[in-house]
Amino acid sequence: MSDKHLGRGDTAVITGAASGFGFELATLCARRGMNVVMADVQADALQRAEQALKGQGAPLLPFRLDVSKAAEVEAMGRATVERFGAPHLVFNNAGVGAGGLIWEHTAADWDWVLGVNVMGVAHGVRVFTPWMLEAAQRDPGYEGHIVNTASMAGL
């Protein structure tokens, strides 16, 4: 990794950006003057998070989506690239848990948890990696990072 640090003018895409760790990273990125794509499934929480960050002065692109849906992540990817170009940071952070005894979960519970926690990450990597690789080929100074978070429950 080079000495370059993410900062003004770079772009971050953050899923689960309306709360918790995702919101904290969005706040840090906005303070650095980065373009921040804030993605979350909860429209009301996303709107509150956007309002909280508007005072930072960084360009924001709030995007309501369900990361388990390939078409929605693809639409966010296109919107990101059209507005800001290839991202420099993709933070696949959206995650859910059903809790309780696993044998008592329904098939729908399993679909939801695996859709968000596994396919959400797969969609984020699949959608953004080609644009990031293309950006690196065009500009030797470009540096991109993909960070996938998971909880201890994944073990």
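Analysis parameters
- All residue numbers refer to positions counted from 1 along the written sequence of the respective chain.
- Per-residue local features of the predicted model are confined to residues with pLDDT of at least 70, and side-chain atom pairs are confined, for both listing and counting, to 80 or more; whole-chain, interface and lining totals are unaffected and use all residues.
- Side-chain metrics rest on all non-hydrogen atoms present in the structure, leaving aside hydrogens and water.
- To qualify as a helix, a DSSP run of H or I must reach at least 4 residues; to qualify as a strand, a run of E must reach at least 2; elements of each kind are numbered from the N terminus.
- Counted as a polar contact is a pair of N or O atoms within 3.5 Å, where, for protein atoms, one must be capable of donating a hydrogen and the other of accepting one, and residues adjacent in sequence contribute only when both atoms are in side chains.
- Paired strands are those between which DSSP finds at least two bridges.
- Note on method: axes are straight lines fitted to C-alpha atoms, helices fitted across the in-contact stretch only, with angles between N-to-C directions ranging 0 to 180 degrees.
- By the convention used here, residues are in contact when the closest approach between their heavy atoms is within 4.5 Å.
- Multiply 1.5 Å by the residue count of a helix minus one, and that product is the helix's expected span.
- A simple rule labels every residue: compare its accessible area, found with a 1.4 Å probe on the protein chains alone, to the largest value its type can have, and call it buried under 20%, exposed over 50%, or partly exposed in between.
- As used here, the arc belongs to the directions running from the helix axis to the C-beta atoms.

Novice: It is not clear to me how the environment of Asn148 should be interpreted in this structure. Could you clarify?
Specialist: Relative to the helices and strands, Asn148 resides in strand E5 (residues 145-148). Between the C-alpha atom of Asn148 and that of Ile102, which follows or precedes it by 46 residues, the distance is 24 Å. A polar contact is formed between the side chain of Asn148 and the side chain of Asn92, at a distance of 2.7 Å.

Novice: What is the right way to look at the sheet that holds E5 in this model?
Specialist: Backbone-to-backbone hydrogen bonds join strands into a sheet, with any given pair of strands oriented parallel or antiparallel. Read from one edge to the other, the open sheet built from five strands follows the order E3-E2-E1-E4-E5, with strand pairing classed as parallel. Two strands bound the open sheet, and with one partner strand each, they are strand E3 (60-64) and E5. The mean angle between the axes of side-by-side strands here comes to 10°, regardless of whether they run parallel or antiparallel. Those strands touched by helix H2 (residues 43-54) are strand E2 (35-40) and E3, and its axis lies near 175° from that of E3.

Novice: In this structure, what is going on with helix H1 (residues 20-31)? I would like to understand it.
Specialist: Residue pairs spaced three or four apart in an α-helix point in one direction, given the helix's 3.6 residues per turn. Taking 1.5 Å per residue, twelve residues should reach 16 Å; H1 reaches 17 Å between its end C-alpha atoms and fits that length. Those residues of H1 lying buried are Gly22, Phe23, Leu25, Ala26, Thr27, Cys29 and Ala30. Of the residues one or two after H1, Gly33 is the one with positive phi, at around 85°.

Novice: Looking at this structure, how should I read H2?
Specialist: Here H2 is twelve residues long and its end C-alpha atoms lie 16 Å apart, about the 16 Å a rise of 1.5 Å per residue gives. Turning to H2, its buried residues are Ala45, Leu46, Ala49, Glu50 and Leu53. End-on, the buried residues of H2 take up no more than an arc of 140°, which puts them together on one face. Facing away from the buried surface of H2 by more than 90 degrees, the exposed residues are Gln47 and Arg48. At its buried positions, H2 is contacted by H1, E2 and E3.

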